[in-house]
Each structure stands twice: as structure tokens, then as C-alpha cells.
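# Per-entry structural report
Now for the letters of each chain:
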Amino acid sequence: MEQKLLELQNEAISQIENAEDLKSLNDIRVAYLGKKGPITEVLRGMGKLSAEERPKMGALANDVRSAIQEKLDEKLNRLEQEAVLKQLESETIDVTLPGRPVKQGNHHPLTRIVEEIEDLFIGMGYQVAEGPEVEQDYYNFEALNLPKGHPARDMQDSFYITEDTLLRTHTSPVQARTMEKHQGKGPVKIICPGKVYRRDNDDATHSHQFMQIEGLVIDEKITMADLKGTLEVFAKKMFGSDREIRLRPSFFPFTEPSVEMDISCKICGGKGCSVCKGTGWIEILGAGMVHPNVLEMAGFDSKKYTGFAFGMGPERIAMLKYGVDDIRHFYTNDIRFLKQFAKYEA
Ligand code: FA5
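Residues numbered from 1 in each chain as written. Predicted model: local features only at pLDDT ≥ 70, side-chain atom pairs only at ≥ 80, totals over all residues. Heavy atoms only, no water.

Once that is clear, we can look at the pairing of strand β5 (residues 209-219). Counting buried residues in β5 gives 9 out of 11 residues, a clear majority hidden from the surface. Of the strand pairs in this sheet, strand β4 (residues 188-197) and β5 are connected by 10 bridges, and their pairing is antiparallel. Looking across to β5, one finds that Pro-193 is bridged to Ile-213. Here 7 bridges tie β5 to strand β9 (residues 306-312), and the two strands are oriented antiparallel to one another. By the bridge assignment, Ile-213 is partnered in β9 with Met-312. (Buried < 20%, exposed > 50% of the residue type's maximum accessible area, 1.4 Å probe, protein only. Helix = DSSP H or I, 4+ residues; strand = E, 2+ residues; numbered from the N terminus. Pairing = 2+ DSSP bridges.)

Turning our attention to the UniProt feature "binding site: Mg(2+)" (unreviewed entry) in the chain. Those residues carrying the UniProt feature "binding site: Mg(2+)" (unreviewed entry) are Glu-256 in this numbering. On the secondary structure map, Glu-256 appears in strand β7 (residues 255-264). Residue classification places Glu-256 among the partly exposed positions, given a relative accessible area of 48%. Contact partners of Glu-256, with chain neighbours within four places excluded, come to Met-289 and His-291. (UniProt positions renumbered as here; feature names shortened; annotations may be inferred. Contact = heavy atoms within 4.5 Å.)

A word on the nonpolar core. Nonpolar side chains tend toward joint burial in soluble globular proteins. In this structure, Ile-117, Phe-234, Ile-284, Phe-310, Met-312 and Ile-317 are the most contacted members of the largest nonpolar core, which totals 45 residues. When contributions to this core are tallied by element, the ones reaching two or more residues are α5 (109-122), β5, α8 (224-239), β7, β8 (281-290), β9, α10 (314-322) and α11 (335-339). With 25 residues, the next largest nonpolar core counts Ala-152, Val-174, Val-294 and Tyr-305 among its residues. (Core = buried A, V, L, I, M, F, W, Y, C linked by side-chain atoms within 4.5 Å.)

Quick look at the sheet that holds β9 now. The strands that make up a sheet pair up through hydrogen bonds in the backbone, lying either parallel or antiparallel. Pairing is mixed across the open sheet formed by 7 strands, whose spatial order is β1-β4-β5-β9-β8-β7-β6. Each of the sheet's edge strands pairs with one partner strand only, and the pair in question is β1 (127-128) and β6 (245-252). Contacting β1, β4, β5 and β9, α5 crosses the sheet at an angle of about 165° to β4. (Axes fitted to C-alpha atoms, helices over the stretch in contact; angles between N-to-C directions.)

With that settled, consider the site of the ligand. Around the ligand sit 27 residues, and of these His-170, Ser-172, Arg-198, Asp-200 and Glu-283 come closest. Contacts to the ligand include Glu-283, whose side-chain N or O atom sits 2.6 Å from an oxygen atom. At 3.4 Å, a backbone N or O of Gly-313 approaches an oxygen atom of the ligand. When isolated, the ligand has an accessible area of 670 Å², and the protein chains bury 96% of it. Going through the elements one at a time, α7 (172-182), β5, β7, β8 and β9 are the ones with two or more residues in the shell around the ligand. Per element, the largest residue contribution to the shell around the ligand is 5 residues, and it comes from β8. Taken together, the residues that form the shell around the ligand break down as 9 nonpolar, 12 polar and 6 charged. (Near = heavy atom within 4 Å. Polar contact = N/O pair within 3.5 Å; in protein donor to acceptor, adjacent residues only side chain to side chain. Areas by Shrake-Rupley, 256 points an atom, 1.4 Å probe, with all protein chains shown as cover. Nonpolar A, V, L, I, M, F, W, Y, C, P; charged D, E, K, R; others polar.)

This paragraph deals with α10. With 8 of 9 residues buried, α10 is to be regarded as a mostly interior element. Contacts made by the buried residues of α10 are with α5, β5, α8, β7, β8 and β9. Phi turns positive, to about 70°, at Gly-323, one or two residues after α10.

This part is about the packing of aromatic side chains. Per the stated rule, a full pass over the model turns up 12 aromatic pairs. Ring pairing ties together the aromatic residues Phe-121, Tyr-126, Phe-234, Phe-308 and Phe-310, which thus form one cluster. The lysine or arginine in question, Arg-177, covers the ring of Tyr-139, its NZ or CZ lying 4.2 Å from the ring centre. (Phe/Tyr/Trp six-rings, centres within 6.5 Å; stacked < 30°, edge-to-face > 60°. Lys NZ or Arg CZ within 6 Å of the ring centre and 35° of its normal.)

We now examine the UniProt feature "domain: Aminoacyl-transfer RNA synthetases class-II family profile" (unreviewed entry) in the chain. The sites that UniProt annotates as "domain: Aminoacyl-transfer RNA synthetases class-II family profile" (unreviewed entry) are residues 111-320. Annotated as residues 111-320, this span is 27% helix and 30% strand, and its ends, taken at the C-alpha atoms, are 15 Å apart.

To continue, consider the packing of α5 against α10. Packing of α5 against α10 brings their axes to within 9 Å, and their N-to-C directions diverge by 100°. Taken together, the axes of α5 and α10 are roughly perpendicular relative to one another. Mapping the contact onto sequence places Pro-109, Leu-110, Arg-112, Ile-113, Val-114, Glu-116 and Ile-117 in α5 and Pro-314, Glu-315, Ile-317, Ala-318, Lys-321 and Tyr-322 in α10. Tallied by class, the residues present in the contact of α5 with α10 amount to 9 nonpolar, no polar and 4 charged. (Parallel < 35°, antiparallel > 145°, perpendicular 65-115°, else oblique.)

What follows deals with unusual backbone geometry. The omega angle of the peptide bond from Gly-186 to Pro-187 is -5°, so this bond is cis rather than trans. Secondary-structure assignment places Pro-187 in the loop between α7 and β4. Residue Pro-257 is bonded to the preceding Glu-256 through a cis peptide linkage, with omega at -5°. In this model, Gln-183 sits at a positive phi of 45°, which is unusual for a non-glycine residue. Structurally, Gln-183 can be placed in the loop between α7 and β4. In the Ramachandran plot, Asn-333 falls in the positive-phi region, its phi being about 55° despite a non-glycine side chain. Tracing the backbone shows Asn-333 in the loop between α10 and α11. The exposure class of Asn-333 is exposed, given its relative accessible area of 55%.

This is the structure in C-alpha cells:
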């Protein structure tokens, strides 16, 4: 029996050494140490042994089991380590490979224009103000001398949310809000950029959502000459001294007198095209002297204070500056269009 046990031990150990994977190792464990294995079989014959030999054989059988188990554990460890090493090797990263270039984006042309205009006016002592896009009818119209039912409300077809709330149709409500905050005390010198919304039909120069930049100056002795001088500085800086500007008399209920400013069309050089609707000019802003009613409604003494205001469309300015022939390009997010402005990045 002793001989048989030692043979089984040698046989098992040699099989363990040759095992190549975890599955065959487990098969060997079941085969030799399992309940139906040969060692259990040998031990069953112990009843035939003498009382003296029995404990000796029992001890030997336990030693054989332990030796096989030890060998199994050792091999299991080795196979597991080998598996980890193999995995590490297969997942190695070659750090010497050249990297993939990271694509760099650029600012949206409208962001560039708005920042450029902001910088220009900040340089002239203006502060940047903001207001809500969902606006009260009062600030969008009434505080600007446009009472309910006023026919000039039709000039800005609106998206109403409730009877008294709407998507603002221009940035002029920020004027009214800022004046109210100043509680009748000048000076006020602000610009307010932001999105506005109108039920306009989209075409080459109109969008139902677009941007405006409002400007407002209130102080003692502000005149139309200050407005004209400011707009001229702005136009020369934005478009270059070779581009022509013109002021046309116009009407806004919140300014008196009112004007509109046009710039000569860059696309056709003033000859007339689809962008300028054949006129050679593109309107970029409305402006005027703040109406005394608007000053009074916001708590300013209109005998002491005067002011000017303007509201311009950055999309139209960007179109003129960069020669873009359709306003919708700014909103369709075509990467081929947007990429062209990378060359203007600092
Ligand atoms: C106004 O919105 C006045 N609030 C401007 C103003 C402010 C006048 C302060 C006097 C004092 P108007 O509707 O003309 O005015 O719009 C001003 C500018 O916004 C236009 O000159 C044009 O550049 C731009 N604009 C108007 N409608 C659209 C549109 N649908 N799509 C793109 N730009 C537009």
C-alpha cells in the first residue's frame, strides 16, 4: 500500500508539472484528491491492515495528499502569474508612437464680432449690462413709449408667452431697466449685447432669432452730435475708413429724432445685389435721442438730462465685415463655414 501511495504521489506531481492551464490543473485535483480518486480508493483498503500498520498508512496518505495539494497550489500560483504577465504584454502601449493631432476649434464669428464691439465701447468708457430674454411687456414696449395697441408694436412681430410676457424683440428693454436702477441720476453709459426674437420670415438678412447690441448714454447736455460722432468712430473702427456710412431719418417711438445707419455693401461694392436688395446699402442699426417720455417714465428729469441710444445687429455687421452673403450661415453650424474664421484668431 505504501508503494501504491508513493506511486500515486509521483504520478500526480508529474502531471501537475506538465499541466498547461488552469482547467487541466483543476482536472488533476479532482482526479487525485476527489472522493472517487485513487487515494480514497487505497484508503478504503486500510481495514485489511493490522492495527499497527493502520496509523502509519493513515499518516502516509495524509502526507501524500498534502504533497499533492502543495504542488497544485504552487502550480496554480505560477499559471496565474503567467496569465497576468501575458495580459500585460498584450496590452502594452508603445509610448514612442506619434500622437494623433488634437483638432483645435475657433470662436464663432458672432462671438468675435460681439467681443470686438464690446472692447471698442469699453475703451470709450461704457459698461456692459444684461437683461432677461423672457421679458415683461412693460419693459419691452410700455416703458419705451409703446403703450398697448400702439401701431408701432407691429414693427416688431412678437413671440408672446403670456399676455404680459414675451421673448424680447430687441435689447432696448435693458435701457429701460438700467434707467430705472439709476433712479433719475446720470450719467449712464452702457452697452447691452444679447439674443432677441421676432416673428420675421427667415431670408438672407433676416432671422427669427438674432443678436442685438444696445447702447445708451444719458447725461447733461448730450446732443445728436455726440451720437453721430460715436457712430462714426464705431463704423470706421469696425469696417475701415474706406467704407461709406449714411444716416437716414427714421422713426422709433422711444427716440426723437430717430435715425437708421446704413453701410455700403461689401458683397457688391455698392452696385446692388441680393444681400443689399439692389440698393448698395445694408441697414445695421437704429438710433436716436432718447424720447423725453422714456426719460420721465424711468424717473429722469428730461429738462436736466438728455441722452442717445442705438441698437445694432451683429449678424449684419459680421456679414458686411467678412463678406457673408446669408445670415442663416451663422446658425446652421456648418463646420466648413465656421472653420474659415480660424484665421482671425489671435
Ligand atoms: C430696434 O430694434 C431698436 N430697438 C433699435 C434702437 C435702439 C433704435 C435704440 C433707437 C434707439 P430695428 O428693428 O431697426 O430697431 O433693429 C435694429 C437692428 O437689428 C437692425 O438695424 C438690424 O441690424 C437688426 N435686425 C432687425 N431685425 C433683424 C432680423 N430679423 N434679423 C437680423 N437682424 C435684424
